[in-house]
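For reference, the chains in residue letters:
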Amino acid sequence: MKQNKERRINMAKNNKIIKNTTWLMIFYIAKMVFPFITLPYLTRILSTNTYGTVAYVKTVMTYMQIIVDFGFVLSATKDIVKVRNDKNKVSEIIGDTLLARIIMGLIAFAILLVLIICIPILRNNIVYTLLSYLVVFMSVFLMDYLFKGLEIMHVITTRFVLMKIISTVLTFILVKENGDMLLIPILDIISSLVAVILVLYKVKKLELKLKFTNIKNSLKSIKESFVYFLSNVASTSFNALSTLIIGLMISPTEVAYWSLCIQITGTIQSCYSPFSEGVYPEMIKTKNINIIKKILKIFIPLVLTGCLIMYFISEPVLNILGGEKYVVAVPVLRLLIPTLFFGFMAVMLGWPTLGAIGKTKETTISTICSVTINLILLVILIVTDSFTLVNIAIVRMITEITLFSIRLYYTKKNIKLFNRS
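Quick look at the structure, then. (Residues numbered from 1 in each chain as written. Predicted model: local features only at pLDDT ≥ 70, side-chain atom pairs only at ≥ 80, totals over all residues. Heavy atoms only, no water.)

### Observations regarding the packing of aromatic side chains
- Applying the stated rule across the entire model yields twelve aromatic pairs.
- Seen in terms of ring centroids, Tyr41 and Phe172 are 4.9 Å apart; in terms of plane orientation they differ by 55°. Their pairing is tilted. Remark: Phe172 occurs in helix H8 (residues 154–174) and Tyr41 occurs in helix H1 (residues 2–45); sequence separation between them is 131 residues.
- Here Tyr41 falls in the buried class, since its relative accessible area comes to 19%.
- Residue classification places Phe172 among the partly exposed residues on the basis of a relative accessible area of 30%. (Phe/Tyr/Trp six-rings, centres within 6.5 Å; stacked < 30°, edge-to-face > 60°. Helix = DSSP H or I, 4+ residues; strand = E, 2+ residues; numbered from the N terminus. Buried < 20%, exposed > 50% of the residue type's maximum accessible area, 1.4 Å probe, protein only.)

In structure tokens form, the structure reads like this:
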């Protein structure tokens, strides 16, 4: 009887992991598919100069989003997992986290104003930049951490798919030429507003409220999320930092080539997140390393196969997504392919593995060390007058291998802290 009960409990846990991972997979597939629906359209109706500007502002907004999020997707998720059955406590976490994110949103806006003053490409497109930031600020109300903590991932997926359908359809209808560039963030604002309304409705349906305790608790949550923020901003820097520097050093056209290659590899890498985020709450509770081992055993061969396929179809992929004018970037895309393999293992050994056993410091150190190496190598390229897209891609590959290696070392060093039953 006891064994049957344990078997049923294990089956229930496995089913929950599968369900959450499936919903997150749908989410990230949608996250991958929707940009590639509009990408071939935008690269053809916009000049490489204009598309380079759009891509550059998007990169800057990636940093702004990291500041606004400030690691709450991980820290607040963890807090909600612990008190998920206490609606009053969950409501307090929602309220304090919302206030904390608004504070970070204001800080991000101040930083953006400085960047606009300092960077010509932003200063010359100030309205577009500010409208793009409004989309980022509205994300403070989306509360993904709540639904991840409660393990109801379908809410995240459905609202994302809906908002992307709205912005995608309107893009095809309204954006026709370079002069329509401002419509791109405006359409994102409209779709984000719909998503916010849906999220607030779901919060009310769950009988939760926005309970603000005091500013002190919000500041405390910012402090506690700092370590997660460091890791996130560092990992984002792998792709975004290179794009920012390219925009300062060379032409918007080169930015366009690099951005397309990075969007392809980055979008594929985003598909790894469902495995990481889907298993994260369960790993916090069980610390069972066998869960990670099973995922790696199943998916490493698939990832390797995908990498080989991507190598051979790089040229047609760039031709389809960007058009003939982007085919010159084939060598760059091929050099970025190893990041897909090492990136998968690095993601799985990060927060769902090291983070689950409380090694947040080690997880963050691994990312900071990697991005430091990335920055040093980029500076060397600049100093030696070797700042080409091919060399930047090589640096990106070295960075990802470094991240994986450090996390593998920490995992082996702390293997005794895992449950292997």
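### Let's talk about the pattern of salt bridges
- A complete count under the given rule lists five salt bridges for this structure.
- Note that Arg101 and Asp69 form a salt bridge whose closest N and O atoms lie 2.5 Å from each other. Residue Arg101 is located in helix H4 (residues 87–118), and its partner Asp69 is located in helix H2 (residues 48–69); the two are separated by 32 residues in the primary sequence.
- On the basis of relative accessibility, which here comes to 4%, the residue Arg101 falls in the buried class.
- The class for Asp69 is buried, based on a relative accessible area of 17%.
- For the salt bridge of Glu282 with Lys285, the shortest nitrogen-to-oxygen distance reads 3.7 Å. You can see Glu282 and its partner Lys285 sitting in helix H12 (residues 273–286), three residues apart, about one turn around the helix. (Salt bridge = Lys/Arg side-chain N within 4 Å of Asp/Glu carboxyl O.)

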